[in-house]
Amino acid sequence: MLHQAMRPRQLVMMSLGGAIGAGLFVGSGAGIAVAGPAILVSFLAAAALVVLIMRMMGEMAAANPASGAFSVHAENALGSVAGRTIGWLYWIQVVIVIAAEATGAAAITAASIPGIPQWAAALFFMVVLTGVNLVGVRRFGEVEFWFAALKIVAIVAFLAIGVAMIAGWVPAFDSTGFANLTAHGGFAPTGIAGIAAGLLIVVFAFGGTEIIAIAAAETSDPRRNVGRAVRTLIWRILVFYIGSVLIMVTVLPWTSEDLVTGPFVAVLNAGSVPGAAAVMTVIVVVALLSSLNAMLFSASRMIYSLSQRGSAYPVFGRVAANGVPRNAVLASVAFGFVTVALNYVRPDKVLPLLLNAVGSTILVLWTFVAVSHLVLRKRARRDGTEDALPLKMWGFPYLSYATLGLLAGIAVLALFDSAARTQLVATGALTATIAGACWLLHRRQAARQP
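So, here is what we can say about the structure in this document. (Residues numbered from 1 in each chain as written. Predicted model: local features only at pLDDT ≥ 70, side-chain atom pairs only at ≥ 80, totals over all residues. Heavy atoms only, no water.)

**Comments concerning the overall build of the protein chain**
Step number 1: A tally of helices and strands in the protein chain yields 18 helices and 0 strands.
Step number 2: For the protein chain, whose C-alpha radius of gyration is 22 Å, the value lies close to the compact-globule estimate of 22 Å for 450 residues.
Step number 3: Across its three principal directions, the C-alpha atoms of the protein chain cover 80 × 55 × 40 Å.
Step number 4: Relative to its full complement of 450 residues, the protein chain shows a buried share of 56%.
Step number 5: Counting only contacts in the protein chain whose residues sit at least 6 apart along the sequence, the fraction spanning at least 24 positions is 81%.
Step number 6: As displayed, the protein chain offers around 18,000 Å² of accessible surface, 68% of which is attributable to carbon and sulfur atoms.
Step number 7: Placing the 28 positive and 16 negative side-chain charges of the protein chain at their respective mean positions leaves the two points 11 Å apart. (Helix = DSSP H or I, 4+ residues; strand = E, 2+ residues; numbered from the N terminus. Rg over C-alpha atoms; globule rule 2.2 N^0.38 Å. Buried < 20%, exposed > 50% of the residue type's maximum accessible area, 1.4 Å probe, protein only. Contact = heavy atoms within 4.5 Å. Areas by Shrake-Rupley, 256 points an atom, 1.4 Å probe, with all protein chains shown as cover. Lys, Arg positive; Asp, Glu negative; His and termini not counted. Charge placed at Lys NZ, Arg CZ, Asp CG, Glu CD.)

**A look at the pattern of salt bridges**
Step number 1: Considering all chains together, one arrives at 5 salt bridges under this definition.
Step number 2: Here Glu-386 and Arg-381 are joined by a salt bridge, their closest N and O atoms 3.0 Å apart.
Step number 3: Connected through shared salt-bridge partners, Glu-59, Arg-377, Arg-381 and Glu-386 make up one network. (Salt bridge = Lys/Arg side-chain N within 4 Å of Asp/Glu carboxyl O.)

**Points about the packing of helix H5 (residues 80–112) against helix H6 (residues 118–134)**
The description of two packed helices rests on the angle between their axes and on the distance between the axes.
Step number 1: Running from N to C, H5 and H6 cross one another at 130°; their axes reach a closest spacing of 8 Å. Taken together, the axes of H5 and H6 lie oblique to each other. In the crossing of H5 with H6, the sense of the turn from one axis to the other is right-handed. Along the contact surface, H5 presents Ile-98, Ala-102, Thr-103, Ala-105, Ala-106, Ala-107, Thr-109 and Ala-110, while H6 presents Gln-118, Ala-121, Ala-122, Phe-125 and Met-126. (Axes fitted to C-alpha atoms, helices over the stretch in contact; angles between N-to-C directions. Parallel < 35°, antiparallel > 145°, perpendicular 65-115°, else oblique. Left-handed = near helix turned anticlockwise from the far one by under 90°.)

**Some thoughts on H5**
Step number 1: Between its first and last C-alpha, H5 extends 48 Å over 33 residues, near the 48 Å set by a 1.5 Å rise per residue.
Step number 2: Among the 33 residues of H5, 27 are classified as buried, and the element is accordingly described as predominantly covered. (Expected span 1.5 Å × (residues − 1).)

**Topic: helix H14 (residues 326–345)**
Step number 1: Given a rise of 1.5 Å per residue, 20 residues ought to cover 28 Å, and the 29 Å separating the end C-alpha atoms of H14 matches this to within 8%.
Step number 2: Along H14, the residues that are buried comprise Ala-328, Val-329, Ala-331, Ser-332, Val-333, Gly-336, Thr-339, Val-340 and Asn-343.

**Focus on the environment of Pro-347**
Step number 1: As for its placement among the helices and strands, Pro-347 is situated in helix H15 (residues 347–358).
Step number 2: Among residues more than four places away in sequence, those in contact with Pro-347 are Gln-118 and Leu-342.

**Looking at the side chain of His-73**
Step number 1: Tracing the backbone shows His-73 in helix H4 (residues 70–78).
Step number 2: A distance of 3.1 Å separates a polar side-chain atom of His-73 from the backbone oxygen of Asn-64.
Step number 3: Excluding residues that lie within four positions of it along the chain, His-73 makes contacts with Met-60, Ala-61, Asn-64, Ser-372 and Leu-376. (Polar contact = N/O pair within 3.5 Å; in protein donor to acceptor, adjacent residues only side chain to side chain.)

**Digging into the nonpolar core**
Step number 1: Phe-25, Phe-70, Phe-206 and Trp-366 are the most contacted members of the largest nonpolar core, which totals 140 residues.
Step number 2: The leading source of residues in this core is helix H13 (residues 276–308), at 19 residues. (Core = buried A, V, L, I, M, F, W, Y, C linked by side-chain atoms within 4.5 Å.)

**Overview of a nonpolar patch on the surface**
Step number 1: Side chains of Trp-119, Leu-123, Val-127, Phe-337, Tyr-344 and Val-345 sit close together on the surface and give an oily, nonpolar patch of about 560 Å² of accessible area.
Step number 2: Elements represented by at least two residues in the nonpolar patch include exactly H6 and H14.
Step number 3: Note that Val-345 resides in helix H14. (Patch = residues over 30% accessible without salt bridge, like charges linked within 9 Å, V, L, I, M, F, W, Y side chains within 5 Å.)

**Looking at the packing of helix H3 (residues 39–63) against helix H16 (residues 361–383)**
Step number 1: Two numbers describe how H3 lies on H16: the axes approach to 9 Å, and their chain directions differ by 50°. By the criterion of interaxial angle, the relationship of H3 to H16 is oblique. Between H3 and H16 the crossing geometry is left-handed. Here H3 contributes Leu-49, Val-50, Ile-53, Met-56, Met-57, Glu-59 and Met-60 to the contact with H16, which in turn contributes Trp-366, Val-369, Ala-370, Ser-372, His-373, Leu-376 and Arg-377.
Step number 2: Broken down by class, the residue content of the contact of H3 with H16 amounts to 10 nonpolar, 2 polar and 2 charged. (Nonpolar A, V, L, I, M, F, W, Y, C, P; charged D, E, K, R; others polar.)

**Some thoughts on the packing of aromatic side chains**
Step number 1: Enumeration according to the criterion identifies 8 aromatic pairs in this entry.
Step number 2: Seen in terms of ring centroids, Phe-43 and Tyr-241 are 5.9 Å apart; in terms of plane orientation they differ by 40°. Their pairing is tilted. One end of the pair, Phe-43, is in helix H3; the other, Tyr-241, is in helix H10 (residues 222–251), and 198 residues separate them in sequence. A single burial state applies to Phe-43 and to Tyr-241, both of which are buried.
Step number 3: Plain terms: the ring middles of Trp-88 and Trp-91 are 5.6 Å apart, the flat faces sit at 85° to each other, and that makes the pair edge-to-face. With Trp-88 and Trp-91 both in helix H5 and 3 residues apart, the pair spans about one turn of that helix. Each member of the pair, Trp-88 together with Trp-91, is buried.
Step number 4: In this arrangement the basic side chain of Arg-377 is found over the ring face of Phe-396, its NZ or CZ atom lying 4.7 Å from the centre. (Phe/Tyr/Trp six-rings, centres within 6.5 Å; stacked < 30°, edge-to-face > 60°. Lys NZ or Arg CZ within 6 Å of the ring centre and 35° of its normal.)

**Looking at unusual backbone geometry**
Step number 1: In this chain, Phe-396 is followed by Pro-397 through a cis amide linkage whose omega measures 0°.
Step number 2: Of note in the backbone geometry, Ala-69 takes a positive phi value of approximately 45° without being a glycine.
Step number 3: Checked against the element boundaries, Ala-69 lands in the loop between H3 and H4.
Step number 4: The phi dihedral of Ser-272 falls on the positive side, at around 55°, and the residue is not glycine.
Step number 5: Its place among the elements puts Ser-272 in the loop between helix H12 (263–270) and H13.
Step number 6: Judged by relative accessible area, Ser-272 falls into the partly exposed class, the value being 48%.

Structural data, given as structure tokens:
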């Protein structure tokens, strides 16, 4: 069986590392370009949503820590077809993300170090992080701990430098105070439409936080440690995400083209920070590899759980002596190695294709989480076990319904954006296909039972 060997500090840092990835380091620039300084409103709305989702997910994970996490909770709340559907949808999404992260890190490495082919860098990253996931959960947790620590140090340094620039303490930078927040067309130069477009971009930046719920099953005293990780995640998201974006749109005009291509580098270059581009290149690569590492862990535990529940081949449910589901790890990383070959053939086409394939599965996942939480919490209230829950969602059921309303609103916004609409339709079709297959499997298994 899986070992409960992950330390509390590793879970807390992993949860934070999962929330701080390429979406912040790279994607924030795209959001600023469409919303201007009002991207802060988009980030605040997305942050509020993820905080509510994580609180619900944390309540269920603390009460029932399982390697399948939200898939198991959905099965308990809505039936086996629903649980297995979200489990397989998540696994497929994460497998694609693993390949995308490896390709992204390899592309940056190849561009920065001439002579290293993109496919070779992708192969190296895949081999190393597959090895990390095969040696045991404690060592995996330690690697992810230091990945996250490096990202946090970088952001704290960025915040400190940014504050100094705004305050006029950096001689090489001519500070304008907070004038850039309103000086170029106002705080919301593109109006409500821009804020909505920015929300569609940034909401996906928070994908990866669900690793808290998945890792809970391999943590000692999950009831206490999951609650601690969720509470820590909330204020750190506000400080690191909102603080970083506030620095960006205050230091530079939102119209600056440099913000689009690399917002962190643009700010540091404006302050004449030596080696800013090189340092941030390393940080972005680390962020991508950290996400790859965490996503591989999540994917392997999800297919392991699906196997345990009869929805995947039994071979994926086997656990090695060190507590690692090795076959599940290898199955989850296989597509990543396929993309190594694709990086050899068409390195310029792989990443855009993978990013478009991920789609809007995070909206489907979060909807399942919210609905499952509503059902399970009401069941606990009816059974008289509500008071025994180690972690509780605030303002139940009102904030839970508000969360579903926010998710529905984002889905409606997506229908008015051509790219987002295409991804939403594709995700809906994929979800329906998986649900149909899970229903047929359920019927077959039910027919075999005496």
